[in-house]
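Descriptive structure summary
Now for the letters of each chain:
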Amino acid sequence: MQKKTIIVGPLLIGIVALSLLSGCASVPEKKYYILNYVPAPLASRISPQPFPCTIRLKDFEIEEAYSRPQMVYRQNPYELQYYYFQVWAVKPTRMITDLVQKHLLTANIVSHIVRRFDEGQQPDYELSGRIEAIEEYDSDQLWFAHLAMRLTLTRTRDNAIVYTRRFDNRKRVYQNQPEYVIREMSA
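I will try to describe carefully the structure that is included in this document. (Residues numbered from 1 in each chain as written. Predicted model: local features only at pLDDT ≥ 70, side-chain atom pairs only at ≥ 80, totals over all residues. Heavy atoms only, no water.)

What to know about the overall build of the chain
- Along the chain, the regular secondary structure elements total three helices and nine strands.
- Walking the chain from its N terminus toward its C terminus, one meets helices and strands in the order α-β-β-β-β-β-α-β-β-β-β-α.
- Expressed as a percentage of the 187 residues in the chain, the buried residues total 34%.
- With the model as given, the accessible surface of the chain reaches about 12,700 Å², and the carbon-plus-sulfur share is 55%. (Helix = DSSP H or I, 4+ residues; strand = E, 2+ residues; numbered from the N terminus. Buried < 20%, exposed > 50% of the residue type's maximum accessible area, 1.4 Å probe, protein only. Areas by Shrake-Rupley, 256 points an atom, 1.4 Å probe, with all protein chains shown as cover.)

Below, the structure written as structure tokens:
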């Protein structure tokens, strides 16, 4: 009977000590990020009037590796890693589609922009996009914000692709923190 008391005593002291130590440790705070792009009106245009057509802005698609709330970072071309405490506040597909809509409205390029077919105006064109990368790229002491996507404009009456363009921008980040990656990506 005394052996049990001797074993339980140190075990109990160990559990209490671990409980006290774990109470002193702090869990990192989860941070939520969004892209914040403020479009400027186009200064030089052939005509200040919008083209008399309607564009349906289709919700963007995204590469599977980036279709998650955790922000992605990589240190080489072959491996992706995910932050646990730095996450997107809005799904990247929704966030970027919303920013493209904001840009199109500010640029006043077309007379109407709809997101769904049941919004009244029959679209003349459909603008779709695919996000190929939205990530932090760390290379030794250098950090970069990396955003790559493809836009496609399709004429709805015959499904003809009238325009396609791929963007692949990497901007250097001068402060090695995820917040500054998001700031550069937003710019």
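Some thoughts on the nonpolar core
- Core analysis: the largest hydrophobic core is formed by 35 residues, its most contacted members being Leu35, Phe60, Trp88, Ile96, Leu127, Ile134 and Met185.
- Counting only elements with at least two residues in this core, the list comes to strand E2 (51-57), strand E4 (70-76), strand E5 (79-88), helix H2 (92-107), strand E6 (110-114), strand E7 (125-139), strand E8 (142-155) and helix H3 (178-186).
- When residues no more than four places from it in sequence are discounted, the contact partners of leucine 127 are Ile55, Arg56, Leu57, Lys58, Val100, Leu104, Leu151, Thr152 and Leu153. (Core = buried A, V, L, I, M, F, W, Y, C linked by side-chain atoms within 4.5 Å. Contact = heavy atoms within 4.5 Å.)

So, the side chain of histidine 146
- With respect to the helices, strands and loops of the structure, histidine 146 is situated in strand E8.
- Assessed through its relative accessible area of 6%, histidine 146 is described here as buried.
- A polar contact of 2.7 Å, which involves the side chain of histidine 146, links it to the side chain of glutamate 135.
- Separated by 2.6 Å, the side chains of histidine 146 and aspartate 168 make a polar contact.
- Setting aside anything within four residues of it in sequence, one finds histidine 146 in contact with Ala133, Ile134, Glu135, Asp168, Asn169, Arg170 and Met185. (Polar contact = N/O pair within 3.5 Å; in protein donor to acceptor, adjacent residues only side chain to side chain.)

Quick word on the side chain of threonine 97
- Along the chain, the position of threonine 97 falls in helix H2.
- Judged by its relative accessible area of 0%, threonine 97 falls in the buried class.
- The residues touching threonine 97, leaving out its near neighbours within four places in the chain, are Leu57, Lys58, Asp59, Phe60 and Arg115.

Considerations on unusual backbone geometry
- A positive phi is found at asparagine 108, a non-glycine position, where the angle reads about 55°.
- Following the sequence through the fold, asparagine 108 ends up in the loop between H2 and E6.
- Given the relative accessible area of 34%, asparagine 108 is considered partly exposed.
- In this model, asparagine 159 sits at a positive phi of 55°, which is unusual for a non-glycine residue.
- Relative to the assigned elements, asparagine 159 resides in the loop between E8 and strand E9 (160-173).

What about the layout of surface pockets?
- As a volume, the largest pocket reaches approximately 920 Å³.
- Val100, His103, Met149, Leu151 and Phe167 are, among the 29 residues lining the largest pocket, the residues nearest its centre. (1 Å grid on protein atoms, 1.4 Å probe; cavity = no way out; pocket = protein on both sides within 12 Å on 5 of 7 lines; lining within 4 Å. Points joined across faces, edges and corners; volume = space filled by probe spheres on them.)

Focus: the pattern of salt bridges
- A complete count under the given rule lists 14 salt bridges for this structure.
- The partner of glutamate 61 in a salt bridge is arginine 130, with the nearest N and O atoms 3.0 Å apart. Residue glutamate 61 is found in strand E3 (residues 61-62), and its partner arginine 130 is found in strand E7; the two are separated by 69 residues along the sequence.
- You can call glutamate 61 partly exposed: its relative accessible area is 41%.
- Taking the relative accessible area as the measure of exposure, arginine 130 reaches 29% and is therefore partly exposed.
- Residues glutamate 132 and arginine 150 are paired through a salt bridge, measuring 3.9 Å at the closest nitrogen-oxygen approach. Of this pair, glutamate 132 sits in strand E7 while arginine 150 is found in strand E8, placing the two residues 18 residues apart along the sequence.
- The structure contains a network of salt bridges with shared partners spanning Asp59, Arg94, Asp98 and Arg115. (Salt bridge = Lys/Arg side-chain N within 4 Å of Asp/Glu carboxyl O.)

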